[in-house]
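The chain contents come next:
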Amino acid sequence: MSEILRRGLMLVLSSPSGAGKTTLSRRILESDAGIVMSVSATTRAKRSNEVEGRDYVFVSPEEFERMVRNGEFLEYASVFDHQYGTPKKPVMAALAAGRDVLFDIDWQGTQQLKERAREDLVSVFVLPPSHEELERRLKTRAQDSEEIVAARMAKAASEISHWPEYDYVVVNDDVERAHAKVLAILEAERARRSRLAGVGEFVAQLTR
Ligand code: 5GP
């Protein structure tokens, strides 16, 4: 069977910190060769388990401002007193090459993408399974101070309140199940008629 030409899609995963979204993103990238990660720029400090250029591009506030002024971001927002933004160029290049792009961004960024590219956007809100589990996961992130953990817990409720703005909601009770759900969403959205730019041509071949 020949592949039908289609537009790439933008798959956004948002959640409060500690919902297990980073692990989920990694699993999706490992299991699906057709999707690439959008690597954000941030002004926050690198954690010791993070790799420059893989997890984030770590920049100074001045460099971030320069990127904003030059229009280098597809979206950007302030989260927990730090700046985060999605560099436009790699996303555009991936979509042009017919690949899908995965974003780990917050609700503010998702809203901006919705305004700019509603047709290409598929948004998923990932929820932790319970209050206790959320707290436990935030605490095991050892490099953050007690203060940061408390601040994140307090903000989790307000972040969670944005779930109605998303296309899909996935409860991350078990990473395998959550992973399977996101892959199912991705496959279904890839088959959406409006994305299949080449379907007319394909049908013409079938019925010639
Ligand atoms: P963390 O500092 O824990 O890696 O991320 C904090 C929050 O910032 C997460 O909710 C994450 O989704 C969000 N975030 C990361 N990169 C971006 C980005 O480029 N844009 C926006 N709007 N949010 C981001």
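The preceding data block contains the structure.
About the cut-offs
Residues numbered from 1 in each chain as written. Predicted model: local features only at pLDDT ≥ 70, side-chain atom pairs only at ≥ 80, totals over all residues. Heavy atoms only, no water. Salt bridge = Lys/Arg side-chain N within 4 Å of Asp/Glu carboxyl O. Helix = DSSP H or I, 4+ residues; strand = E, 2+ residues; numbered from the N terminus. Buried < 20%, exposed > 50% of the residue type's maximum accessible area, 1.4 Å probe, protein only. Near = heavy atom within 4 Å. Polar contact = N/O pair within 3.5 Å; in protein donor to acceptor, adjacent residues only side chain to side chain. Areas by Shrake-Rupley, 256 points an atom, 1.4 Å probe, with all protein chains shown as cover. 1 Å grid on protein atoms, 1.4 Å probe; cavity = no way out; pocket = protein on both sides within 12 Å on 5 of 7 lines; lining within 4 Å. Sits in = over half its atoms within 2 Å of the grid points. Nonpolar A, V, L, I, M, F, W, Y, C, P; charged D, E, K, R; others polar. Pairing = 2+ DSSP bridges. Axes fitted to C-alpha atoms, helices over the stretch in contact; angles between N-to-C directions. Contact = heavy atoms within 4.5 Å. Points joined across faces, edges and corners; volume = space filled by probe spheres on them. Patch = residues over 30% accessible without salt bridge, like charges linked within 9 Å, V, L, I, M, F, W, Y side chains within 5 Å.

1. Some points on the pattern of salt bridges
Across all of its chains, the model carries 19 salt bridges by this definition. For Lys-21, the salt bridge identified is with Asp-104, shortest N-O distance 2.8 Å. Of this pair, Lys-21 sits in helix α1 (residues 21–31) while Asp-104 sits in strand β7 (residues 100–104), and the two are 83 residues apart along the sequence. Relative accessible area serves as the criterion here: at 11%, Lys-21 is assigned to the buried category.

2. So, the site of the ligand
Ser-40, Arg-44, Tyr-56, Tyr-84 and Asp-104 are the nearest of the 19 residues found near the ligand. With respect to the ligand, the backbone of Gly-85 contributes an N or O atom lying 3.3 Å from an oxygen atom. Side-chain polar atom of Asp-104 to an oxygen atom of the ligand: 2.7 Å apart, as the coordinates give it. Compared with its free state, where it exposes 510 Å², the ligand has 95% of that area covered by protein. The pocket occupied by the ligand, as judged from atoms lying within 2 Å of grid points, is the largest pocket. Looking at the shell around the ligand, the elements with two or more residues in it are β5 (73–79) and β6 (82–87). Split into classes, the residues belonging to the shell around the ligand amount to 6 nonpolar, 5 polar and 8 charged.

3. A short note on the sheet that holds β6
Spatial strand order, β4-β3-β6-β5: 4 strands in an open sheet with mixed pairing. Pairing within the sheet leaves two strands with one partner each, and these edge strands are β4 (56–58) and β5. The average angle at which neighbouring strand axes cross in this sheet is 25°, direction not considered. Where helix α3 (residues 88–96) meets the sheet, it contacts β5 and β6, and its direction lies at approximately 30° from that of β6.

4. Thoughts on the sheet that holds strand β2 (residues 35–37)
One open sheet holds the 5 strands; their spatial order is β2-β7-β1-β8-β9, and the pairing between them is parallel. If you trace the sheet from one side to the other, it starts and ends with β2 and β9 (168–171), each paired once. Mean inter-strand twist for the sheet, computed between neighbouring axes without regard to direction, equals 25°. Pairing between strand β1 (residues 10–14) and strand β8 (residues 121–127): 5 bridges, direction parallel. Looking at the pairing, Leu-13 lines up with Val-124 of β8. In the packing of helix α4 (residues 107–117) onto the sheet, contacts are made with β1, β7 and β8, and the angle to β1 comes to roughly 160°.

5. Some thoughts on the layout of surface pockets
Put simply, the largest pocket is a space of about 1100 Å³. Elements that contribute at least two residues to the lining of the largest pocket include exactly α1, β5, β6, α5 (131–140) and α6 (146–160). Here the residues of the lining of the largest pocket are counted per class, giving 12 nonpolar, 14 polar and 14 charged.

6. Brief notes about a nonpolar patch on the surface
On the surface, a cluster of nonpolar side chains totalling about 260 Å² of accessible area is made up of Trp-163, Val-169 and Val-171. By the element assignment, Val-169 lies in strand β9.

7. Examining the pairing of β1
Burial analysis of β1 places 5 of its 5 residues in the buried class, which makes it a mostly covered element. A two-sided burial pattern is seen for β1, the buried positions comprising Met-10, Val-12 and Ser-14 on one face and Leu-11 and Leu-13 on the other.

In short, geometric facts, not functional conclusions.
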